[in-house]
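Structural description and commentary
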Amino acid sequence: MKHLRRRTRAQWTRDLLLWLLLSAVIAAMGADPVTDATGFAVRTGPLVALAGAAVLAGRPWPLAAVLLLLPFGPWRFDMGLATSTLVWPEHLPHVKIIPFQPVTLFVVWYAYLAGRRMRGTGPALAAFALLVVIGAGLVVARGAGLGLWITVTTGLLAVYAVPYLLGLLRRRLLQQREQARLSAAARARLRERARIARDMHDSLGHDLALIAVRAAGLEMAPGLDPAQVRAAGELRVAAAEATERLRQIIGLLRDDDEAGADADAGPPLAPVGEDVAALVERARASGMPVTLRRDPSVPAPALARAVVQEGLTNAAKHAPGAPVTVLLSPRRVVVRNGPPRSRPTAVPGGLGLTGLDERVRLAGGTMTAGPSGDGYELAVELP
C-alpha cells in the first residue's frame, strides 16, 4: 500500500494506459479460451483482471508481475518460429523455437524490469526454477519427445532468462556510471581542496610573514621601553607560530597526489588585481627592503606574481631583515635575498616551493632554488 500511495498522477496515468493496451491485446486474441496442456480454460474477463493486477504490482515488484502473467508465458507450443531443415537435423522437422503469444511481449518487458530494478538475484533464481518446473511438467504431461523439450527451453530462455539478464546488465552499467560520476566529483573536490590549501599558503602565509617582519622591525626600533620591545618580540613569535599552525592545517587539506592535477584552476585567494609591483610595494610597506628591477614596457610572465610572492614570503620567514632583489624579464623571474639580519621566524619544511615547482612544471618551465653566495636565490625559467 505504501508503494501505491507514493505513485504520482503521471505514473497512475501511464499504468492505466499500459493496462488498457494489455487488455486490448488480450481481447484481440479472441473470445475462445486459452487452453494449456492440461485442458484448463481461462477466459478473457479474468485474464484482463489478472493483467490489471500485474500492472498494479509491476512498478514496485516487477518479478510479481512476471508471475501474475504466467498464463501468457511461452506455453503456446503451436506458435513460434519454425525451423528449417537447412539448419536443423532432418529427424526433427518443423520444431517450433521461442513459442510466444502477442501478450508475451509484456512478460518480456516485466522480466527485463525485474533485472533492471531488483537488487538481489535470489528471488529471480527461485522464480526461474519454478518456471522450469512448470515447463518440464507441461512437456511430461504431453508425453512429447525432444522437439518439445527444445521448444520449451528456447521459450524459457527468450522470454524470461535473456530479458532478465539484459536488465541486470543495464543496472550494472548504470551503477558503474554513477560510481564513475561520484569518483569524478570526489576528485574534483580534492583538487579544489588542494587549490585552496595552496592559495592559503601563498596568501595567508605571505601576510603572516610580513607581520613578523614588521614586528621584528619594531623590536629593533630605538626609543622603545623594555615592555614595548617585549610586546614586539611576542608579536613576532606569535606570527611565526601562526605560520607554522597554518602549515600544519594546510597539510591536512592538501593531497599531494591531487595538488598538481589542476594547478591553475580556480580563482586565487590573493587580493583582486594585485600585480607584482603592488605585491612588492605591500612588502616594502611592511618594512622589507625590496628592490624591483624590470622593464615596465615588457609584460611579466604569467606565473611571475606567484614566484615573487613565494620568494618574498620565504625571505621574510627565513632571512628577516635581509635585502631582497626581484628581477623580472619576459621569460625569467628571480628573487634573491642576502643573509638574515635577525633570527629566522619559521620552521623549515614547508610546502610552498613544492607547490610552486609543480605549477612551473605544468606550465612547461623549470625552477631552481638554493643558496647563492651568502644568501638564497629562487629562479624560474618559463617557455
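That block above? That's the structure.
Quick look at the structure, then. (Residues numbered from 1 in each chain as written. Predicted model: local features only at pLDDT ≥ 70, side-chain atom pairs only at ≥ 80, totals over all residues. Heavy atoms only, no water.)

A closer look at the overall build of the protein
The helix and strand inventory of the protein stands at 12 helices and nine strands. Expressed as a percentage of the 383 residues in the protein, the buried residues total 38%. Partitioning the contacts of the protein with sequence separation of at least 6, the portion at a separation of at least 24 is 69%. A total of about 20,700 Å² of accessible surface is found on the protein, and carbon and sulfur atoms cover 63% of it. (Helix = DSSP H or I, 4+ residues; strand = E, 2+ residues; numbered from the N terminus. Buried < 20%, exposed > 50% of the residue type's maximum accessible area, 1.4 Å probe, protein only. Contact = heavy atoms within 4.5 Å. Areas by Shrake-Rupley, 256 points an atom, 1.4 Å probe, with all protein chains shown as cover.)

As for helix H2 (residues 9-28)
Helix length check: H2 (20 residues) gives 29 Å between terminal C-alpha atoms against 28 Å at 1.5 Å per residue, within 8%. For H2, the full list of buried residues reads Asp15, Leu22, Ser23 and Ile26. Buried residues along H2 cover an arc of 100° about the axis, so they all sit on one side. Of the exposed residues in H2, those oriented more than 90 degrees away from the buried face are Arg9, Leu17 and Ala28. In this structure, the buried residues of H2 make contact with helix H3 (44-58) and helix H5 (104-117). (Expected span 1.5 Å × (residues − 1). Arc of directions from axis to C-beta.)

Description of the sheet that holds strand S5 (residues 290-293)
An order of S5-S6-S7-S9-S8 is seen for the five strands of this open sheet, with the pairing classed as mixed. The open sheet has two edge strands, S5 and strand S8 (366-372), and neither has a second partner. Going from strand to strand, the sheet's axes swing by 10° on average, the running direction of each strand aside. Two elements, S5 and strand S6 (residues 324-329), share four bridges in a ladder whose sense is parallel. Paired with Val290 across the two strands is Val324, which belongs to S6. (Pairing = 2+ DSSP bridges. Axes fitted to C-alpha atoms, helices over the stretch in contact; angles between N-to-C directions.)

Re the environment of Ala54
Positionally, Ala54 belongs in helix H3. With relative accessibility at 0%, the residue Ala54 sits in the buried group. In sequence terms Ala54 and Leu68 are 14 residues apart; their C-alpha atoms lie 5.7 Å from each other. Once residues within four sequence positions are removed from consideration, Ala54 is found in contact with Ala65, Leu68, Leu69 and Tyr110.

Some words on the nonpolar core
In terms of nonpolar packing, the biggest core is built from 28 residues, with Met288, Val290, Val308 and Leu312 touching the most fellow members. For this core, the secondary structure elements donating two or more residues are helix H7 (146-220), helix H10 (276-285), helix H11 (304-318), S6, strand S7 (332-337), helix H12 (352-362) and strand S9 (375-381). If you tally residues by element for this core, the top one is H11, at seven residues. Of all hydrophobic cores here, the second largest spans 27 residues; its members include Ile26, Val48, Tyr110 and Tyr160. (Core = buried A, V, L, I, M, F, W, Y, C linked by side-chain atoms within 4.5 Å.)

A short note on the environment of Thr121
Residue position: Thr121 is located in the loop between H5 and helix H6 (122-142). A residue is classified by how much of its surface remains accessible, and Thr121, at 31% relative accessible area, is partly exposed. Considered as a pair, Thr121 and Leu168 are 47 residues apart in the sequence and their alpha carbons are 9.2 Å apart.

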